[in-house]
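Each chain is listed here by its residues.
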Amino acid sequence: MILALRALGVGDLATAVPAVRAVRAAYPEQQLVLAAPAWLGPLVELVGGVDRLLPTDGLDRLARPAGRVAVAVNLHGRGPRSHRLLAAARPGRLIAFANAEAPHADGPQWDDDEHEVSRWCRLLREYDIAADPTDLDLRRPGPELAAGGLTVLHPGSKEPAKRWPAARYAALARELTGRGHRVVLTGSASERDMVARVAYRAGLPTAAVLAGRTDLAQLAALIAGARLVVSGDTGVAHLATGYRTPSVVLFGPVPPARWGPPPERRRHRALWAGARAWPEWDGVGDHPTMVALGVDEVLAAVDEVERVVRVDRAVAA
């Protein structure tokens, strides 16, 4: 059995897709078990190649896998907690970044500035496992979940510093609606009130508020068939990358060099003002790097990605 650990969220799993597939290809005869939160099950199915999901939330506890673990792969972090969690399963081999506290010396050094996709591919290559960081495409959900042609705005984020001002999402929604976009607003159940206020200010009907009304499979289907996605640096942005859905991603304060869409995917634009000098944020109100991104700048990026789509269609015709 091969045991891989990635007990995080949607975007974390989406950025680990090339690494998960590389592990699958390296051990084709072994069962691949992924330790990740149970609620990510629908997305694990869309990644493909995983034989079994071992429900794991965070690093407090790892259920004992049924069977001998030949190789454990730490796709979660640098350690030492994640290293120790996997070591407790007594694998024949641990693939992980070097960490003296774990202790684990047999691995490459961690690089804080590395892109998340490249990081895990580099780890595997250090252990002679070929990994392609461009292998990000997700399987498309079944036709029973198909929903096409909508423009998805995702105003929320678990991290307040990554939220673009709600009033600007409302202004963007009004402008896009005026251009003929069928705008819907997504988010978690806890974000429903905030998203509803955005819809009200944008003049959108209640039916456009999908926050808290979609499970993960339905959200993936929505993103897969969307005309456009605009969001902060969240899991939704990574789903758009995985489905090659045109997207504009608003970054702040973490730079797109660490989490942004790959440059070869021309249908995505990452906006970031974090390279400028900013005062220290006290956690009150919107983060200055997000406030610095204006509606006009986002609309210009929308124009750019839609221009790329038109060119792609003309070439394919």
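Refer to the structure presented above.
Residues numbered from 1 in each chain as written. Predicted model: local features only at pLDDT ≥ 70, side-chain atom pairs only at ≥ 80, totals over all residues. Heavy atoms only, no water.

A. Summary view of the sheet that holds strand β1 (residues 2-5). One open sheet accounts for five strands, arranged β3-β2-β1-β4-β5; its pairing is parallel. Two strands in the sheet have a free side with no partner beyond their single neighbour: β3 (52-55) and β5 (93-95). The average angle at which neighbouring strand axes cross in this sheet is 20°, direction not considered. Relative to strand β4 (residues 71-74), β1 runs parallel, the two sharing four bridges. Paired with Leu5 across the bridge in β4 is Asn74. (Pairing = 2+ DSSP bridges. Helix = DSSP H or I, 4+ residues; strand = E, 2+ residues; numbered from the N terminus. Axes fitted to C-alpha atoms, helices over the stretch in contact; angles between N-to-C directions.)

B. Highlighting the environment of Arg78. The topology assignment puts Arg78 in the loop between β4 and α4 (81-87). Distance in space between the C-alpha atoms of Arg78 and Ala98 is 7.4 Å, their sequence separation being 20 residues. Not counting the four nearest positions on each side in its chain, Arg78 is found in contact with His83, Phe97, Ala98, Asn99, Trp110 and Asp112. Reaching out from Arg78, the side chain makes a polar contact with the side chain of Asp112 at a distance of 2.6 Å. (Contact = heavy atoms within 4.5 Å. Polar contact = N/O pair within 3.5 Å; in protein donor to acceptor, adjacent residues only side chain to side chain.)

C. Local environment of unusual backbone geometry. With an omega of -10°, the peptide bond running from Ala102 to Pro103 counts as cis. Mapped onto the elements, Pro103 comes out in the loop between β5 and α5 (116-126). Cis peptide bonds are those with omega within 30 degrees of zero, and the linkage from Gly252 to Pro253 qualifies with -5°. Along the polypeptide, Pro253 turns up in the loop between β9 (247-251) and α10 (256-259). In this model, Arg90 sits at a positive phi of 55°, which is unusual for a non-glycine residue. Inspection of the secondary structure assignment puts Arg90 in the loop between α4 and β5.

In short, shape yes, function no, at least from these values alone.
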